[in-house]
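Below are the chains, spelled out letter by letter.
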Protein chains: 8
Amino acid sequence: MLIAARSKLLFIGDSITDAGRNRPVAEGLFDPLGKGYVTQVSALLGAAYPDRPVRVVNTGCSGNTVRDLKGRWQSDVLDLKPDWLSIMIGTNDVWRQFDSPLFPEAAVQPEEYEATLDALVGTTKPLLKGLVLMTPFYAEPNQGDAMRARMDQYGKIVLSVAKKHGVIGVDTQAAFDRALKHQHSSNLSWDRVHPNLIGHMILARAFLDAVGFVWSPVRREK
Amino acid sequence: MLIAARSKLLFIGDSITDAGRNRPVAEGLFDPLGKGYVTQVSALLGAAYPDRPVRVVNTGCSGNTVRDLKGRWQSDVLDLKPDWLSIMIGTNDVWRQFDSPLFPEAAVQPEEYEATLDALVGTTKPLLKGLVLMTPFYAEPNQGDAMRARMDQYGKIVLSVAKKHGVIGVDTQAAFDRALKHQHSSNLSWDRVHPNLIGHMILARAFLDAVGFVWSPVRREK
Amino acid sequence: MLIAARSKLLFIGDSITDAGRNRPVAEGLFDPLGKGYVTQVSALLGAAYPDRPVRVVNTGCSGNTVRDLKGRWQSDVLDLKPDWLSIMIGTNDVWRQFDSPLFPEAAVQPEEYEATLDALVGTTKPLLKGLVLMTPFYAEPNQGDAMRARMDQYGKIVLSVAKKHGVIGVDTQAAFDRALKHQHSSNLSWDRVHPNLIGHMILARAFLDAVGFVWSPVRREK
Amino acid sequence: MLIAARSKLLFIGDSITDAGRNRPVAEGLFDPLGKGYVTQVSALLGAAYPDRPVRVVNTGCSGNTVRDLKGRWQSDVLDLKPDWLSIMIGTNDVWRQFDSPLFPEAAVQPEEYEATLDALVGTTKPLLKGLVLMTPFYAEPNQGDAMRARMDQYGKIVLSVAKKHGVIGVDTQAAFDRALKHQHSSNLSWDRVHPNLIGHMILARAFLDAVGFVWSPVRREK
Amino acid sequence: MLIAARSKLLFIGDSITDAGRNRPVAEGLFDPLGKGYVTQVSALLGAAYPDRPVRVVNTGCSGNTVRDLKGRWQSDVLDLKPDWLSIMIGTNDVWRQFDSPLFPEAAVQPEEYEATLDALVGTTKPLLKGLVLMTPFYAEPNQGDAMRARMDQYGKIVLSVAKKHGVIGVDTQAAFDRALKHQHSSNLSWDRVHPNLIGHMILARAFLDAVGFVWSPVRREK
Amino acid sequence: MLIAARSKLLFIGDSITDAGRNRPVAEGLFDPLGKGYVTQVSALLGAAYPDRPVRVVNTGCSGNTVRDLKGRWQSDVLDLKPDWLSIMIGTNDVWRQFDSPLFPEAAVQPEEYEATLDALVGTTKPLLKGLVLMTPFYAEPNQGDAMRARMDQYGKIVLSVAKKHGVIGVDTQAAFDRALKHQHSSNLSWDRVHPNLIGHMILARAFLDAVGFVWSPVRREK
Amino acid sequence: MLIAARSKLLFIGDSITDAGRNRPVAEGLFDPLGKGYVTQVSALLGAAYPDRPVRVVNTGCSGNTVRDLKGRWQSDVLDLKPDWLSIMIGTNDVWRQFDSPLFPEAAVQPEEYEATLDALVGTTKPLLKGLVLMTPFYAEPNQGDAMRARMDQYGKIVLSVAKKHGVIGVDTQAAFDRALKHQHSSNLSWDRVHPNLIGHMILARAFLDAVGFVWSPVRREK
Amino acid sequence: MLIAARSKLLFIGDSITDAGRNRPVAEGLFDPLGKGYVTQVSALLGAAYPDRPVRVVNTGCSGNTVRDLKGRWQSDVLDLKPDWLSIMIGTNDVWRQFDSPLFPEAAVQPEEYEATLDALVGTTKPLLKGLVLMTPFYAEPNQGDAMRARMDQYGKIVLSVAKKHGVIGVDTQAAFDRALKHQHSSNLSWDRVHPNLIGHMILARAFLDAVGFVWSPVRREK
């Protein structure tokens, strides 16, 4: 696995990352990481690699856009001095364009989205041992849906930023699309945005596969 | 308007009708009818026709299918002796087929749906001065979506039952489709099932137009 | 209708406008506008004109007099830059003269009421595309009641200020009086001040009629 | 004073008597009698006559009509074996005719009101040392108001029943009218039905004067 | 009665005065004066003298000693500009000497008690139309009890300060002693300090008699 | 110590024994025995005799008289099959005679008190290895107080019943009197009935001394 | 994987299985399965095998022993007609012997434990497609600890019952021991019984490995 | 006993000392000292020495290490001017090394622990009449357990600091070890850190024996 023992791994993002985590910074005793993919990643890493413990931290905040991340980047990322960082942002940047068309100030357009994400990655990467960019997703299989199309556009931006900076990109939309071949979106998420625990595990698996997680110690030793 | 002064008008249905109404039977003082289209209908009737008051009653129950309606028909419809009855059911009959595919007992298939609705209407109509059948809807404009297609099938059953018995049918899906031409589904309902208050007013308007409601007293007098 | 698509329409007033709205400024997702006429106006506009959405904002505050409005005018009106503004104030200015005769500092006398309202309208109108002044009302049909007589005096002030500035005046007392011909005041409001939802719809209708709202799209096209 | 030392004095009625009393029967330690005239009567008797303590009991129930009293007469009056009984009922019998005109089953018409009250008094009086009938009241000075006129009609029934059976009648409407000469109704009760504590004391004084209460021990000794 | 119509009458003291009143200053609508003698005085004045309304204010605070009164005298007495003032303090000054003998800083010794009270009365009397000093009391009939003896000492200080300044003194201990001849202390107060509502009415009566309250309007007219 | 290892020791009584214990029967994990002397006895036994653990059970109930104990004796004593039993009852039997003089049914007179206690002891003693009767007490040093005198009378009954049946009697009044020589009653109990934790420890010590508890293991071995 | 698509998989056990699940039977929408290994198994199965969904049900109950399972076997296992069943019981059977040595009725001795488990397995296996027996565990690495030794004894019973009936046995103690080589017990569970989420994932992995779960679809296809 | 009458005795420490005490400083009326050994010490001193009362204060804080004590030493020790001081700290300094191995900043290593404790004792002793240092403990009898071994190391530091400064040292580990000879650790503390009330009394006894407490007044007089 790519993440070294005793690394500090920080997740930042919106409500999907937040998932009810403790405030102000979620880490440490009493399972404070929320009810989402961050907790699942932490549990899977801890159980599969007892000899290589990782310190998982969660600073996701419900409702955030990339503009909000920028505003709290110093306190919620840089000051915490992570070794690894995972960013998953963009859902609200897009959603507000569709559920709040009269509130243009609540959404983030592609240009600002890309520029902000690019700047955050560019200035932060030198301080890290590893960085993961997870795309936003929309659990809607119909690519003709206007919001799905818009979300795909933002997902491409994420992957291109990842490529540009040579960091790990995770295509969460592709991961969801594989499940949506077999199940209706309402079986994974009533609003196509907030996943149930199976949907969260789809995200956790996508993240873990990207960082070289191996389930079976037997295979690992080989 | 078709509904005579001092009539008792009963609404029954699922969570969209329920909308947080009071228990056991919602009627009377202190605005007990919930936060949905039933309250809106009541307020519009009361304000536009102060000289022709209507007694509005709500016995909608969250999560109900037509099978549940049948189970409580005696206590929640017949015992209350309404003059007019409005039924809006089918959302959960369909939804469970998609969000709970492993729980077939939770859903209602078309045959049972039609037979049950037909029986309830057939036995109850003779006791009423008026009966309205509102179709279920799915705030998803993509007719290729499997759940939308299924909901359309149930909507057609409702309208055919209405036609067979000579009662009023209200095509709520058509009403939503008109709005969805201009707005994304997430602007009316995050989960495409539970509307916000604008979505509820779409239902209220569809109902009111079907019973001859006229907004302007001036026009009415003509 | 007079209000253009994508306008921002702000309502300010006392508890009748407030109606339990969200703080600090009520607007946006999750139906934050309270349980009164503001919500009803928003729902009716949204449902009847899906192609011409209006952004409705509510900054009503329970207990307010016109003196209170003046005190928060900068933050709760001007800073929000509305296109349209609706003001409905005066109930508490009058009521305190009758329910709290020993607390003269809690009431606002006619001279201060008129001067303050006139100044707010005069300085704000140039910044707006439209302005609506709704009179206060007292759901008491007996014009010999001392408080009703006083409220009528304040209502006349509102309409004269509207006329002076060439803005829309809405006579809510007249709207209630039409209903009180058919119903006892206790059927619309136990305390003759806070309406039930039918009473709120009387207000909503009065407002909507004044801004050219048309219920039926068919009529509209004509 | 008419009430002998160590008597059990029971009050029954509607919300004005109830006033938030403890359940099921309010009496004994920890001031369980509610926040209304019953508590005030109890405190005044206890403080003014420390040598002649009276056991005060409250079984008022919010929303009750005389029909409801009849339904619980056995458990809430007879089983408690009072020495003295005070009945104050009729507010809801009348109010429902005005605030709920579509709910005729919720109101009690004069014939039933009189017959029921007469029967309760007739069968219970022989078991008591004293019986007080307090009229209902409406804190509305305008005798032309339809509900005030109706309440006056019920008040007359109470006084005529008292006269017929030779028990004490208390005209609470007259007591309120004296105060309403000096104050607007909203200063005693926002809804003209539920008094504030000054209004409750008007009731307490009317009761106490009727049973020979004397404030000053000096005068008493004379 | 000594208190003129439309006077502002302020009560200050400890928990017996406080009695759960509203914060920060208790006055006005919704019966905010607490559940003690202040509320009873207000209700009796309002009901017996509807033509001479008095504005009652309560700034009692649980646990206070005279030292605490001094600390908040500006904001809780002077700034409120009362016409009449009633002070009842000393219970905690004494009680802490007995229930907290290890906490000398919590109690107030007689010298400080007298000097502080004297100074507050001396500087405030010129600003008032009337001033009432109520003694503290201990509902313990045994004058040999150490705390009763101490409380008597403080009561004498109160009456001597009243005499010195020519203001009204109210001997609440004497009022309680009259009741304790007929009843055990536990029937008026479990802890001999906090009265039940009968005990509070003993205080209210003592206050009212001292300011010339007359129960019966008939007698008053004479 | 008299109580053998692994004995079941049951305490029954009123609120002083109850002290907020768990329901229905307090014993076992999570310190369920309340905040009073029962918990203190349990902790002292457990800590001083780790090699001789005792199973402590609490079935005290607030407000109980000996008549109440009789009513639940089967379920709350006999069915639990204790080895040792401690009874402390009588406070409410006496208190109601003084704080509720109008409620004679709430108190228990000496004859009934003695007969009931005698019968309970007589029939239960043969089933036990040990039985302790604790007197009620009143934390009032003035023996001339009517309630103290009455409580002393009940205490003598307890000790005479203990003597008659040859079981252990504990004079809790004497234990309190020793402390009251040095402290005012308000330092141990505001209402002279419910002790603070020091007062409870006075009870615990009195009980423990009576059953041969020795604090110091060193002394024990001798 | 051994578990076929659309199977119903039921977990029963004590608090470790319960983990705060919904009542009465946990299954279906809104992630009702608790915060433990059952939820983790469900999420991993759902995410890794979207084409082979499994219906997971949880009827674990905190505090249960095998004797409790027997008492509710009909309603909580048989009536639910599972295809697969997983039993993990024994923690409380052992723990009560150590944390409650005075409460022998709360524990289950080895003979009864084995006989009860054997009977439940024997009668239920014929009705199932698969059955998994998970041993209890104690997160204490010191095999000389009395409770660890006792737990090992019960674990051996579980595995021998599994072997006898030819069903799957899962050695959870061995799984924990592998982690305890690298971490102190307090890092997985403060009380060595209730695991944190990493500890729960150790259980989930042990279960999944036993039923042939494969993390990587790639490997699966081979 | 060593502690003189009317001394102020302050306890500071972590959650074991805190035990749910009141904030900000726990002392005085209403039993504010928490549910642990501090309360037990206070109750035993008060009950056994009514003529020599001691003022007990508790400023323990859950989660604290010696580093935290240092941070609040001025406000929570020095400003309170105790006569006697008892410090019990170290549990969390050690525990975090084992339950949070990835959070080195949360633990305190031996060097810092000793230096900090030594400095606090050295600077504070001159201001006191007496000082007690209680060792931390771990209710784990297996001295081979890594955390037990570490806790023993910290306990030795405490006792050596006590010896160096000539203050009282209390070996709480030895006290627990005596009980653990007879009982499993889970019978005193589920997590081996937070004791039940029997475990707390073990601490209270160890403290009291160290300051010369004598249970029996008889022995004392000798």
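1. Considerations on the overall build of chain A
Across its full length, chain A holds 10 helices and five strands. The C-alpha radius of gyration computed for chain A amounts to 17 Å, which stays within 12% of the reference 17 Å derived for 222 residues, consistent with globular compactness. Over its C-alpha atoms, taken along the principal directions, chain A stretches across nearly 50 × 40 × 35 Å. Per-residue burial for chain A yields a buried fraction of 63% across its 222 residues. The contacts in chain A between residues at least 6 apart in sequence include a share of 78% that link residues at least 24 apart. Total accessible area on chain A stands at roughly 8,000 Å², and carbon and sulfur atoms take up 54% of it.

2. Regarding the sheet that holds strand S1 (residues 8-13) of chain E
All names here are of chain E. Taken in spatial order, the five strands make up an open sheet running S2-S1-S3-S4-S5, and their pairing is parallel. The sheet is open, and its two borders are formed by strand S2 (55-58) and strand S5 (168-170), each paired with just one other strand. Adjacent strand axes in the sheet meet at a mean angle of 15° when their direction is disregarded. Here S1 runs beside S2; their pairing, made up of four bridges, is parallel.

3. Regarding the interface of chain A and chain G
Contacts between the two partners involve 30 residues from chain A, matched on the other side by 30 residues from chain G. Together chain A and chain G conceal approximately 2,700 Å² of surface at their shared face, both sides included; 71% is due to carbon and sulfur atoms. Summed over the shared surface of chain A and chain G, the result is zero salt bridges. At the boundary of chain A with chain G, the tally comes to eight residue pairs in polar contact (both at pLDDT 80 or more).

4. What about unusual backbone geometry?
With omega at -5°, the peptide bond leading from Arg23 of chain D into Pro24 of chain D counts as cis. Secondary-structure assignment places Pro24 of chain D in the loop between helix H1 (15-18) and helix H2 (37-48). The backbone of Arg6 of chain H shows a phi angle near 65°, a positive value even though the residue is not glycine.

5. Overview of the confidence of the model for chain A
Per-residue pLDDT for chain A averages 96, and the proportion of residues at 70 or more is 98%. ipTM for the predicted complex: 0.96, alongside a pTM of 0.95.

6. Details of the arrangement of the chains
In this assembly chain A lies apart from chain F, the nearest approach of their C-alpha atoms being 20 Å. Without any contact between them, chain C and chain F keep their closest C-alpha atoms 40 Å apart.

7. A look at the interface of chain D and chain E
Taken together, the contacts link 30 residues of chain D with 30 residues of chain E. Both faces combined, the contact of chain D with chain E buries some 2,800 Å², and carbon together with sulfur accounts for 71% of it. At the boundary of chain D and chain E, one finds zero salt bridges. Elements that contribute at least two residues to the side of chain D that touches chain E include exactly H2, helix H9 (197-210) and helix H10 (217-221) of chain D. Among the elements that line the side of chain D that touches chain E, the one with the most residues is H2 of chain D, at eight residues. Among the residues forming the side of chain D that touches chain E, the class breakdown is 17 nonpolar, seven polar and six charged.

8. Section: the relation of the copies chain A and chain G
Once chain A has been moved 0.0 Å along the axis and rotated by 180°, it coincides with chain G to within an RMSD of 0.0 Å. Here the two chains are linked by the operation of a two-fold rotation axis. Looking at the rotation axis and the C-alpha trace of chain A, the residue lying nearest is Trp215 of chain A, at 3.2 Å.

9. A closer look at the packing of aromatic side chains
The way to describe two aromatic rings as a pair is by their centre distance and the angle between their planes. In this structure the tally under the stated criterion is 68 aromatic pairs over all chains. Relative to Phe213 of chain E, the ring of Trp215 of chain D lies with its centre 4.9 Å away and its plane at 55°, an arrangement referred to as tilted. Separated into two different chains, Trp215 of chain D in the loop between H9 and H10 and Phe213 of chain E in the loop between helix H9 (197-210) and helix H10 (217-221) make up a pair that spans both. One aromatic cluster is present, built from ring pairs that chain together Tyr49, Phe213 and Trp215 of chain A together with Tyr49, Phe213 and Trp215 of chain G.

10. Some details on the packing of helix H2 (residues 37-48) of chain C against helix H9 (residues 197-210) of chain C
Residue and element names in this part refer to chain C. One can describe the packing of H2 onto H9 by two numbers: an axis separation of 8 Å at closest approach and a directional angle of 55°. Classified by the angle between their axes, H2 and H9 sit oblique to one another. In the packing of H2 onto H9, the handedness of the crossing is right-handed. Of the residues in H9, those in contact with Tyr37, Gln40, Val41, Leu44 and Leu45 of H2 are Leu197, His200, Met201, Leu203, Ala204, Phe207 and Leu208. Partitioning the contact of H2 with H9 into residue classes produces 10 nonpolar, two polar and no charged.

11. A word on H9 of chain E
Residues and elements named next belong to chain E. Over its 14 residues, H9 runs 20 Å from end to end, which matches the ideal 20 Å to within 8%, given 1.5 Å per residue. Among the 14 residues in H9, 11 count as buried, and that is most of the element. For H9, the full list of buried residues reads Leu197, Gly199, His200, Met201, Ile202, Leu203, Ala204, Arg205, Ala206, Phe207 and Leu208. The N-cap of H9, judged by a side-chain oxygen 3.2 Å from the amide nitrogen of Ile198 a few residues on, is Asn196. The first or second residue beyond H9 is Gly212, which carries a positive phi of 85°.

12. A word on the packing of helix H5 (residues 91-99) of chain G against helix H7 (residues 146-165) of chain G
All names here are of chain G. Two numbers describe how H5 lies on H7: the axes approach to 10 Å, and their chain directions differ by 150°. Taken together, the axis directions place H5 and H7 in an arrangement best described as roughly antiparallel. The way H5 lies across H7 gives a crossing that is right-handed. Facing Thr91, Asp93, Val94, Trp95, Gln97 and Phe98 of H5, the residues of H7 in contact are Ala146, Met147, Arg150, Met151 and Tyr154.

13. Notes on the pattern of salt bridges
Tallied over the entire structure, the rule returns 96 salt bridges over all chains. The shortest N-O distance in the salt bridge between Arg23 of chain B and Asp18 of chain B comes to 2.7 Å. Its relative accessible area of 3% is what places Asp18 of chain B among the buried residues. Linking Arg192 of chain D and Glu140 of chain D is a salt bridge whose minimum nitrogen-to-oxygen distance equals 2.8 Å. Within this pair, whereas Arg192 of chain D is found in the loop between helix H8 (172-180) and H9, its partner Glu140 of chain D is found in the loop between strand S4 (130-134) and helix H7 (146-165), the two being separated by 52 residues in sequence. Connected through salt bridges with shared partners, the residues Glu140 and Arg192 of chain A together with Glu140 and Arg192 of chain B form a single ionic network.

14. Topic: the side chain of Thr59 of chain E
Residues and elements named next belong to chain E. Mapped onto the secondary structure, Thr59 falls in the loop between S2 and helix H3 (66-71). A distance of 3.3 Å separates a polar atom in the side chain of Thr59 from the backbone oxygen of Asp76. Not counting residues up to four positions away in its chain, the partners in contact with Thr59 are Leu10, Phe11, Ile12, Arg21, Val25, Arg72, Asp76 and Leu80.

15. Let's talk about helix H7 (residues 146-165) of chain B
Residues and elements named next belong to chain B. The end-to-end C-alpha distance of H7 is 29 Å, a good match for the 28 Å that 20 residues give at a rise of 1.5 Å each. Among the residues making up H7, those that are buried are Met147, Arg148, Arg150, Met151, Asp152, Tyr154, Gly155, Ile157, Val158, Val161, Ala162 and His165. Of the surrounding secondary structure, the elements contacted by the buried residues of H7 are helix H5 (91-99), helix H6 (110-124), strand S4 (130-134), strand S5 (168-170) and helix H8 (172-180). For H7, the N-terminal cap is Asp145; the gap from its side-chain oxygen to the backbone nitrogen of Met147 is 2.9 Å. Directly beyond the C-terminal end of H7, a positive phi value near 70° is found at Gly166.

16. Quick notes on the environment of Gly199 of chain D
Residues and elements named next belong to chain D. Residue placement: Gly199 occurs in helix H9. When the C-alpha positions of Gly199 and Phe176 are compared, they lie 7.8 Å apart, and in sequence the two are 23 residues distant. Setting aside chain neighbours within four positions, we find Gly199 in contact with Phe176 and Leu188.

17. Notes on the environment of Trp84 of chain E
Residue and element names in this part refer to chain E. Along the chain, Trp84 falls in strand S3 (residues 84-88). Trp84 gets classed as buried once you look at its relative accessible area, which sits at 6%. Between the alpha carbons of Trp84 and Gln74 there is a distance of 16 Å; along the sequence they are 10 residues apart.

18. Thoughts on the sheet that holds strand S5 (residues 168-170) of chain D
All names here are of chain D. Taken in spatial order, the five strands line up as S2-S1-S3-S4-S5 in an open sheet, and their pairing is parallel. The outermost strands of the open sheet, each flanked by one partner alone, are strand S2 (55-58) and S5. Here the average twist between neighbouring strands, direction ignored, is 15°. The pairing of strand S3 (residues 84-88) with S4 spans five bridges and is classified as parallel. Pairing of Ile87 across the sheet is with Leu133, part of S4. This element, H9, spans strand S1 (8-13), S3, S4 and S5 of the sheet and lies at about 155° to S5.

How each quantity is defined
Residues numbered from 1 in each chain as written. Chains lettered and ligands numbered in written order. Predicted model: local features only at pLDDT ≥ 70, side-chain atom pairs only at ≥ 80, totals over all residues. Heavy atoms only, no water. Helix = DSSP H or I, 4+ residues; strand = E, 2+ residues; numbered from the N terminus. Rg over C-alpha atoms; globule rule 2.2 N^0.38 Å. Buried < 20%, exposed > 50% of the residue type's maximum accessible area, 1.4 Å probe, protein only. Contact = heavy atoms within 4.5 Å. Areas by Shrake-Rupley, 256 points an atom, 1.4 Å probe, with all protein chains shown as cover. Pairing = 2+ DSSP bridges. Axes fitted to C-alpha atoms, helices over the stretch in contact; angles between N-to-C directions. Buried area = accessible area lost by both parts, 1.4 Å probe. Salt bridge = Lys/Arg side-chain N within 4 Å of Asp/Glu carboxyl O. Polar contact = N/O pair within 3.5 Å; in protein donor to acceptor, adjacent residues only side chain to side chain. pLDDT = per-residue confidence, 0-100. Nonpolar A, V, L, I, M, F, W, Y, C, P; charged D, E, K, R; others polar. Least-squares fit on C-alpha atoms with pLDDT ≥ 70 in both. Phe/Tyr/Trp six-rings, centres within 6.5 Å; stacked < 30°, edge-to-face > 60°. Parallel < 35°, antiparallel > 145°, perpendicular 65-115°, else oblique. Left-handed = near helix turned anticlockwise from the far one by under 90°. Expected span 1.5 Å × (residues − 1).

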